[in-house]
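Structure assessment
Single-letter residue listing:
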Amino acid sequence: MATPALERATSPPPPGPRPIKRLQESVINRIAAGEVIHRPASALKELIENSLDAGANAIKITVKDGGMKLLQIQDNGCGIRKEDLPILAERFTTSKLSSFSDLSRLTTYGFRGEALASISYVSNLTVVTKTKADTCAWKAHYADGALTPAKAGSTADPKPCAGNDGTTITVENLFYNTPTRLSALRSSSEEYARILDVVTKYAIHNPHVSFTCKKTGSPSPDVSTPSSSTTVQAIRLLYGQTLAKELLHVSSSSDEGEDIEDEAWSAEAHFTNANYQAKRMTLLLFINHRLVESSRIKRALEAVYNGVLAKGASPFIYLSLQIHPRSVDVNVHPTKKEVHFLNEDLIIERIADKIQETLIGQSQSRVFEYQVRHTSAEQSDANVEVNESFPAASQPANRKVYSQHKVRTSLKDRTLDSMFPVAHPSQRTGSGDRESGLGCSGTPLTPRNKDKVIKESQCFLKSVKDLRAAVIRQRHHQLSEILAKHTFVGVVDSTRCLSLVQHGTRLYLLNHGALSAELFYQLGLRQFGNFSRIRLEPAPDLRTLVTLAVDAEDGIEQSGMSKEAVVNRIVDILTARREMLQEYFSLGISEDGRVETLPMLLPDYTPNLDKLPLFLMRLGPQVDWTEERACFDTFLRELAHFYVPEPLLPDETAGQESTESESGKKAETGDLETADAVKATLWQIQHVVFPAMARYLMAPKKLLDRDVVQIADLPDLYRVFERC
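1. Describing the sheet that holds strand 20 (residues 506-511)
Overall, antiparallel pairing links the 4 strands, which are arranged 18-19-20-24 in an open sheet. One side of each edge strand has no neighbouring strand; the edge strands of this open sheet are strand 18 (487-493) and strand 24 (708-713). The sheet shows a mean angle of 25° between the axes of neighbouring strands, direction not considered. Here strand 19 (residues 498-503) pairs with strand 20 via 6 bridges, running antiparallel.

What follows is the structure, encoded as structure tokens:
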């Protein structure tokens, strides 16, 4: 029996060519819109450029959900005519050019007329605009490039409304009709970060324009720049002082060389020196005011820094390049983020060489700065970091302590010189006191009250309570912690009042003059109405002391009063209030006008009595005697300045009328007294003032501005030497 033959399956015939169809206009426009508008940041870039083309000097941006729900930009430019609103969102409608040859003379950002059209195809677009000639603003809604009614049943024509000069464009529900593009976007926070990046770059390049960018509902903007600024000021405001202080500036042009004679160009660059190091390179490149990208320029600039920065470190560069429009082809990318221009290699080489020369010239002196490491929350309260500017040194508990984290000193160390107090010449008893007519008693030369606590006096005056509360309210806890647990290193410059202290593994440079002025002010406020007294024996004459200070003061005649009248005025003020001065401040003035006692602010410390005439003279004009709180505050400030430890220069006119031998003796005596005064001041600063700061000073934040600077950190120094 014959078996039937298996029939082999035949393959289907090859299909014929598919027919070519004309796409619908809506599909074409939606595809084109996807090429121009990638994300909310690219839409904002197009809108910012339109505002700048309109001559705006103030641009406000409001964002919701990273720009996907709402993206609004408001400017004060020239506005849009009502007659142009019907075709505003159509493709290839523009006021920038009329023929292809206009591209060679183009000086504006936009020229194709695709931005608003592309946005209208993927979102709900609303425009409110007003020109200076219009009596009201006009509001129009757009969808798919055409006017659309705001509500069903109404006409699509623009409607009159209230508004300011300029244009407000609102983009809502971006990519609502392209779900694939919408799902491909990042989170709203990341999209908002991209928007801030675009605004920041345009704000730096256009410092004459005020930019404001914030989220809806936020009380303060995330980016805010003034309208009258400079590029450097804008960089400092937006990128911080740390970057701005390391900026270098260079400019170059075609006039500096003979390689390019036909095409004129100029370049301006702001870039960081070798002291600034970032993880990623920041390049702000503008060609003919257009924010663009160029891999060739970026590679050339990276090559310049390869020999300057360490591996893994990157610079900040802002480069603005101006080239004649006929030499630039801006129509090479849908979003215009790339451009081509003639003689590109030569121009890039010239700019790179100029930057390299500046870097080499500046890099002869290097300053190493490093970011301070934050401490963990598990550390003890004494070492918890409060403020980034002055982090407290700390060591992790229950961990191995490496060499770079070991504190190299002991707070319990005591030197021999601390046991031998040195008195200022004006405070000694003997012939020097009899000659000067000034002496003091009541302050022992040997420290005996080291453990005595200065208690706060009980005062019911509201003004004093308010001043004490203000001191507590202004206290900077981190700085107070540093001063409370510091180790004194030494006085760097006594004339400039600079000292070094150590706290943990960090070294700080302090202005001990400013710190001691604040200390004595707080001590005066602490003991208000209950001061100990320094008795002057014999008591000097008030008028004589004030006269000495007034005679040494320059510019008295410019006040319109004679020196004698000024002296009388000051003496009258003080003598008329001597009872109040005695009761509140222990400043004793007798009926016959003699200064008998001074307030003692700190045990074992007596101020330089050479400053007494100046102190008494300043009480007249510098103290506000008209209001209670201001009077107490200004008087204590002047008293604190009187107590600040600073030696005065000897009298240069002393001995001019004496014989040569007498002049020589007086000069020698003056030199000895000056040396003794400096020695006494240094001893008091180290052994009296700084211990008092550690115990009583509640340091205010204002001291951080210029009086306290961290200059070294042991772990960071170890890292520097490891790299070497």
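2. Some details on the sheet that holds strand 14 (residues 316-323)
Taken together, 5 strands build an open sheet; the order of strands is 10-11-14-12-13 and the sheet is mixed. The sheet terminates laterally at strand 10 (247-253) and strand 13 (290-291), the two strands that pair on one side only.

3. Describing the nonpolar core
Counting 73 residues, the largest nonpolar core has Phe520, Leu598, Leu616, Phe635 and Tyr643 as its most contacted members. Each residue touching Phe635, except ones within four places of it in the same chain, is listed here: Leu581, Phe585, Leu587, Phe615, Leu619, Val623 and Trp625. Listed in part, the 55 residues of the second largest apolar core include Ile37, Tyr142, Ile169 and Tyr192.

4. Quick look at the side chain of Ser252
Tracing the sequence through the fold places Ser252 in strand 10. When neighbours within four sequence positions are excluded, Ser252 is seen to be in contact with Trp265, Ser266, Ala267, Arg350 and Lys354.

5. Brief notes about unusual backbone geometry
With an omega of -5°, the peptide bond running from Glu537 to Pro538 counts as cis. Mapped onto the secondary structure, Pro538 falls in the loop between strand 21 (532-536) and helix 14 (542-552). Here the phi dihedral of Asp65 falls at roughly 55°; this positive angle occurs in a residue that is not glycine. The partly exposed category is assigned to Asp65, whose relative accessible area is 42%.

6. Focus: the confidence of the model for the chain
For the chain, per-residue confidence averages 79 on the pLDDT scale, and residues scoring 70 or more make up 74% of the total. Counting contacts from residues 429-439, a segment whose pLDDT is below 50, to residues more than four positions away or on other chains yields 13 contacts. Predicted confidence is poor over residues 441-449, with pLDDT under 50, and the contacts of this stretch with residues over four places away or in other chains come to 20 contacts.

7. Brief notes about the pairing of strand 7 (residues 166-172)
Across the 7 residues that make up strand 7, a large majority, 6, are buried. Sheet topology places strand 2 (residues 70-75) next to strand 7; 5 bridges connect them, and they run antiparallel. If you follow Ile73 over to strand 7, its bridge partner there is Ile169. Sheet topology places strand 3 (residues 124-130) next to strand 7; 7 bridges connect them, and they run antiparallel. Note that in strand 7 the partner of Val128 across the bridge is Thr168.

8. Description of the packing of helix 15 (residues 563-576) against helix 17 (residues 612-622)
The geometry of helix 15 relative to helix 17 is characterised by a closest axis approach of 9 Å and an angle of 85° between their N-to-C directions. In terms of axis orientation, helix 15 runs roughly perpendicular to helix 17. Residues Ile570, Ile573 and Leu574 of helix 15 pack against Leu616, Met617, Leu619, Gly620 and Pro621 of helix 17. Broken down by class, the residue content of the contact of helix 15 with helix 17 amounts to 7 nonpolar, 1 polar and no charged.

9. Some remarks on the environment of Leu359
With respect to the secondary-structure elements, Leu359 resides in helix 9 (residues 344-362). Residue classification places Leu359 among the buried residues on the basis of a relative accessible area of 1%. Residues Leu359 and Ala274, 85 residues apart in the sequence, show an inter-C-alpha distance of 7.4 Å. Once residues lying within four places of it in the same chain are set aside, the contact partners of Leu359 are Leu248, Phe271, Thr272, Asn273, Val304, Tyr305 and Val308.

10. A few points about helix 18 (residues 628-643)
A rise of 1.5 Å per residue sets the reference length of helix 18, with its 16 residues, at 22 Å; its end C-alpha atoms lie 23 Å apart and thus fit the reference within 8%. All of the buried residues along helix 18 are Cys631, Phe632, Thr634, Phe635, Leu636, Glu638, Leu639, Ala640, Phe642 and Tyr643. If you follow the buried residues of helix 18, they end up packed against helix 11 (462-473), helix 13 (512-526), strand 21, helix 16 (578-585), strand 23 (595-600) and helix 17.

11. Re the environment of His249
Positionally, His249 belongs in strand 10. Once the C-alpha coordinates of His249 and Asn273 are considered, the two residues, 24 residues apart in sequence, prove to be 9.9 Å apart. Here Glu268 takes part through its side chain, which lies 3.1 Å from a polar atom of the side chain of His249.

12. Re the packing of helix 5 (residues 188-205) against helix 6 (residues 231-239)
The geometry of helix 5 relative to helix 6 is characterised by a closest axis approach of 8 Å and an angle of 155° between their N-to-C directions. One element, helix 5, and the other, helix 6, form an angle in the roughly antiparallel class. Taken together, the residues of helix 6 that come into contact with helix 5 (itself represented by Thr200, Ala203 and Ile204) are Thr231, Ala234, Ile235, Leu238 and Tyr239. A breakdown of the residues in the contact of helix 5 with helix 6 according to their chemical character gives 6 nonpolar, 2 polar and no charged.

13. A few points about the packing of aromatic side chains
Overall, the coordinates contain 17 aromatic pairs when judged by the stated rule. A ring pair is formed by Phe286 and Tyr318, whose centres lie 6.2 Å apart and whose planes are at 50°; its orientation type is tilted. Highlighted residues: Phe286 in strand 12 (residues 282-287) and Tyr318 in strand 14, separated in sequence by 32 residues. Like Tyr318, Phe286 is buried. Here the aromatic rings of Tyr584 and Phe585 are separated by 6.4 Å at their centres, their planes lie at 85°, and the arrangement is edge-to-face. Aromatic rings pair up to connect Phe520, Phe528, Tyr584, Phe585, Tyr605, Phe615, Phe632, Phe635, Phe642 and Tyr643 into one cluster. Lying over the aromatic face of Trp138, Lys82 brings its terminal NZ or CZ to 4.0 Å of the ring centre. Across from the ring centre of Tyr521, 3.5 Å away, lies the NZ or CZ of Arg637, which sits over that ring.

Rules behind the numbers
Each chain carries its own residue numbering, running from 1 in the direction its sequence is written. Totals for whole chains, interfaces and linings use every residue, but because this is a predicted model, local features are given only for residues with pLDDT of at least 70 and side-chain atom pairs only at 80 or more, for both listing and counting. Excluding hydrogens and water, the side-chain values take into account all heavy atoms of the structure. Here the rule is simple: two strands pair whenever DSSP picks up at least two bridges between them. In DSSP terms, a helix is any run of H or I states spanning at least four residues, a strand is any run of E spanning at least two, and both are numbered starting from the N terminus. Axis definition: a line fitted to C-alpha atoms, over the contacting stretch in the case of helices. Angles run 0 to 180 degrees between N-to-C directions. Nonpolar core, defined: a set of buried Ala, Val, Leu, Ile, Met, Phe, Trp, Tyr and Cys residues in which side-chain atoms within 4.5 Å join the residues together. We call a residue buried when its accessible area falls under 20% of the maximum for its residue type, exposed when it is over 50%, and partly exposed in between, using a 1.4 Å probe and counting protein chains only. In this analysis, two residues are considered to be in contact whenever any of their non-hydrogen atoms come within 4.5 Å of each other. For every residue, the predictor assigns a confidence score, pLDDT, that lies between 0 and 100. Small angles under 35 degrees read as roughly parallel and large ones over 145 as roughly antiparallel, with 65 to 115 read as roughly perpendicular and the rest as oblique. When residues are grouped by polarity, Ala, Val, Leu, Ile, Met, Phe, Trp, Tyr, Cys and Pro land in nonpolar, Asp, Glu, Lys and Arg in charged, and all others, Gly among them, in polar. For a helix, the expected span equals 1.5 Å multiplied by the number of residues minus one. Counted as a polar contact is a pair of N or O atoms within 3.5 Å, where, for protein atoms, one must be capable of donating a hydrogen and the other of accepting one, and residues adjacent in sequence contribute only when both atoms are in side chains. The pairing test for Phe, Tyr and Trp rings, Trp by its six-membered ring, is centres within 6.5 Å, and the orientation test on the planes gives stacked under 30 degrees, edge-to-face over 60, and tilted for anything in between. Charge-over-ring contacts are defined here by two conditions on Lys NZ or Arg CZ: a distance within 6 Å of the ring centre and an angle within 35 degrees of the ring normal.

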